[in-house]
Amino acid sequence: MALSIKPKLILPIAFFGYAVYANLALTTLDLERPGWTGFFSGGFAQTIDSLYRSNLPHREPAVGWIGAARYVLLNEGRDGVIAGADGWLFSAEEYRPFTPEDASLDQTVAWIATVRQRLADAGTSLVMVPVPAKLDIMRGHAGGDVGGAAPAARAAAIYDRFVAALGARGIGTVDTRPGLLAAPDPFLQTDTHWTRDGAATVADAVAASDLI
């Protein structure tokens, strides 16, 4: 009977043992201790919660391991990350169902036109180099299970409208999308930035334009 009970005690003993260790570790840190302000309104509990969330020992490794487990077992990224196919990661904001109106393109282009005029008054020309979304360019890696087709099409439409709106205002613009679409892998697999080839593709597009 004793042997059958011991394994059941391992988890609670480990849990309470770590709780004691973690609380002792917190006492050694130079932290601002919570006061009694807001004790009856919830402020005290919120302060305690923030204290533990930010300073528990092994917090960063634990978050990393949990994130890795979610990705491996469920193909889910951490907050702000969408896991596509073939190990590709995308920013969650690229999947937001926003429209050109939500993106405030008209107001943005009007502001850019104002900046262009101020620069012109100072003897400087403005050339815009819009960057299409990674999800648009690498849509083949978006993965059908996360519904990447519709967000990718939205991103492409907004990019096209932005470029057209800049042209309608007479603002010099280098269209980087065709070159990036033709490049083999212009974006990093697990990051939102260009690869070396992607950066070279954009640089070549800028150099080939008659705006520079």
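Residues numbered from 1 in each chain as written. Predicted model: local features only at pLDDT ≥ 70, side-chain atom pairs only at ≥ 80, totals over all residues. Heavy atoms only, no water.

A. Spatial organisation of the nonpolar core. Of all hydrophobic cores here, the largest spans 13 residues; its most connected members are Phe-90, Tyr-95, Leu-135, Ile-137 and Met-138. Within the second largest apolar cluster, 10 residues are counted, among which are Val-109, Met-128, Ala-165 and Leu-166. (Core = buried A, V, L, I, M, F, W, Y, C linked by side-chain atoms within 4.5 Å. Buried < 20%, exposed > 50% of the residue type's maximum accessible area, 1.4 Å probe, protein only.)

B. Focus on helix α8 (residues 196-208). The end-to-end C-alpha distance of α8 is 18 Å, a good match for the 18 Å that 13 residues give at a rise of 1.5 Å each. Taken together, the buried positions of α8 are occupied by Gly-198, Thr-201, Val-202 and Val-206. Looking straight down α8, one finds its buried side chains confined to an arc of 135°; they lie on one side. Opposite the packed face of α8, turned more than 90 degrees from it, sit the exposed residues Arg-196, Asp-204, Ala-207 and Ala-208. The inward-facing, buried residues of α8 contact α7 (177-182). (Helix = DSSP H or I, 4+ residues; strand = E, 2+ residues; numbered from the N terminus. Expected span 1.5 Å × (residues − 1). Arc of directions from axis to C-beta. Contact = heavy atoms within 4.5 Å.)

C. Summary view of the packing of aromatic side chains. Evaluated as defined, the whole model comprises one aromatic pair. With a centroid separation of 6.5 Å and 70° between ring planes, the pair formed by Phe-90 and Tyr-95 is classed as edge-to-face. (Phe/Tyr/Trp six-rings, centres within 6.5 Å; stacked < 30°, edge-to-face > 60°.)

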